[in-house]
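Survey of secondary and tertiary structure
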Amino acid sequence: YQGVGGMIALIADRTVGNTLEQMGPFLVSTWLHALLVEGGATRAAMMGWIYIISRIIYPAFFYIGHPYLQISTVPGYLTVFIQMGLIANATFE
């Protein structure tokens, strides 16, 4: 990345890469949460907005670096984990 695009190219590459890596778990957990958890559609929508905001701010915090990058990544991961926990709870009730 040093010769072609430098830091901007690296930020763009990692933003797209991280978004694609997390897209599967996010979409599966959001849809299952909306469909299987009572009242889950509203909560899944709220979690979706949190996830989208975390993706929007990712490039800026990637540029700043660690540990500030976690401000963007952790909320995205938590939305997936929380939704999966609620799905498991609703399934085994």
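For the structure, check the block above.
These notes cover the structure that comes with them. Computed from a predicted structure; not experimentally measured.

Examined against the element boundaries, Tyr-68 turns out to sit in the loop between helix H2 (40-64) and helix H3 (70-91). Tyr-68 gets classed as partly exposed once you look at its relative accessible area, which sits at 47%. As for Tyr-68 and Gly-5, which are separated by 63 residues in sequence, their C-alpha atoms are 23 Å apart.

Put simply, helix H1 (residues 6-36) and H2 touch, their axes get as near as 10 Å, and they point 170 degrees apart. Taken together, the axes of H1 and H2 are roughly antiparallel relative to one another. Taken together, the residues of the contact of H1 with H2 break down into 13 nonpolar, eight polar and three charged.

With 22 residues, H3 should reach 32 Å at 1.5 Å per residue; the first-to-last C-alpha distance of 31 Å fits that figure. Residues of H3 that are buried include every one of Ser-72, Thr-73, Gly-76, Thr-79, Val-80, Gln-83 and Ile-87, and no others. Projection of H3 onto a plane perpendicular to its axis shows the buried side chains occupying an angular sector of 125 degrees, all on one side. Where H3 is buried, its residues meet H1 and H2.

If you look at the biggest cluster of nonpolar residues, it comprises five residues: Ile-11, Tyr-58, Phe-61, Phe-62 and Leu-69. Examining the composition of this core, we find that three residues originate from one element, H2, more than from any other. Excluding anything up to four places from it in sequence, Leu-69 contacts Tyr-58, Phe-61 and Phe-62.

Reading guide: rules and limits
Residues numbered from 1 in each chain as written. Predicted model: local features only at pLDDT ≥ 70, side-chain atom pairs only at ≥ 80, totals over all residues. Heavy atoms only, no water. Helix = DSSP H or I, 4+ residues; strand = E, 2+ residues; numbered from the N terminus. Buried < 20%, exposed > 50% of the residue type's maximum accessible area, 1.4 Å probe, protein only. Axes fitted to C-alpha atoms, helices over the stretch in contact; angles between N-to-C directions. Parallel < 35°, antiparallel > 145°, perpendicular 65-115°, else oblique. Nonpolar A, V, L, I, M, F, W, Y, C, P; charged D, E, K, R; others polar. Expected span 1.5 Å × (residues − 1). Arc of directions from axis to C-beta. Contact = heavy atoms within 4.5 Å. Core = buried A, V, L, I, M, F, W, Y, C linked by side-chain atoms within 4.5 Å.

By themselves, these figures tell us nothing about what the structure is for.
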